[in-house]
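Observations on the model geometry
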Amino acid sequence: MKKRQSSMLAILAVIVVVALAVGARMAVWSGADHAGGGSIGGPFTLVDHNGRTVTDQDFRGRWLLIYFGYTFCPDVCPTSLTLAASALDRLDPAQRKLVVPVFVTVDPVRDTPAVMKDYVGAFLPDMVGLTGSEEQVAAAMKSYKVYAAKAKSDDPASYTVDHSSILYLVGPDGRFVQHFPHGAGIEDVAAGLKKHLK
Ligand code: NI
């Protein structure tokens, strides 16, 4: 009797180990799916650079080229937004009209609508700056899996923010299509846009 019990336990242990292994594999697979685009993006409610509340629904029918950053960023954001502008410049005018360049702040406390308006206007006349309450911005960052962390600073008004640097392409139906990682060149982004906009 005892022997049978212990062999039952051994079988049970094997089942548990196999189940755990399968579970771990499945977790890896679903992680890979997310990285491929499955769950990036989605609904958002933010405030545009004119102080108007906007949602993802307001952009239906247009392609969005979205970048998350902050206006006080010393170099990464200006470089990335200049690159985005240059890539958009390579599109023919008919394609270009279909795309809205969007800059979402990760620093809504300092990036008020007025600050955003000055900033985006310096890059492209049709760039939309989006800010909002800290909760609204945090929700948008979460759905786009954006990383941002305030660096420690002695002066509370003067701080930098470490943040991920990725361009996201969202389709006219509001679905995330493709991302361009930090380091992608103007031609990479232009080619990606042309491929989808054709
Ligand atoms: Ni930046």
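Predicted model only: the values in this text are computed from it and were never measured.

Turning next to the packing of aromatic side chains. In the structure shown here, the tally under the stated rule is 8 aromatic pairs. Their ring planes at 45 degrees and their centres at 6.3 Å tell us that Phe-44 and Phe-59 sit as a pair that is tilted. Separated by 15 residues along the polypeptide, Phe-44 in the loop between α1 (2-36) and β1 (45-48) and Phe-59 in the loop between β2 (53-55) and β3 (63-69) bring together distant segments of the chain. Connected via pairs of aromatic rings, a cluster forms that spans Tyr-67, Phe-103, Tyr-119 and Phe-123. The ring of Phe-72 is capped by Arg-110, whose NZ or CZ atom sits 4.2 Å from the centre of that ring. Between the NZ or CZ atom of Arg-110 and the centre of the ring of Tyr-159, over which it lies, the distance is 3.5 Å.

A separate point is the pairing of β1. Sheet topology note: the β1/β2 ladder contains 3 bridges and is antiparallel. Note that in β2 the partner of Val-47 across the bridge is Thr-53. In textbook terms, the turn of a hairpin is the stretch between consecutive antiparallel strands, and for β1 and β2 this stretch comprises 4 residues, one of which, Gly-51, has a positive phi near 85 degrees. Sheet topology places β1 next to strand β5 (residues 128-131); 2 bridges connect them, and they run antiparallel. Looking at the pairing, Val-47 lines up with Thr-131 of β5.

Rules used throughout
Residues numbered from 1 in each chain as written. Predicted model: local features only at pLDDT ≥ 70, side-chain atom pairs only at ≥ 80, totals over all residues. Heavy atoms only, no water. Phe/Tyr/Trp six-rings, centres within 6.5 Å; stacked < 30°, edge-to-face > 60°. Helix = DSSP H or I, 4+ residues; strand = E, 2+ residues; numbered from the N terminus. Lys NZ or Arg CZ within 6 Å of the ring centre and 35° of its normal. Pairing = 2+ DSSP bridges.

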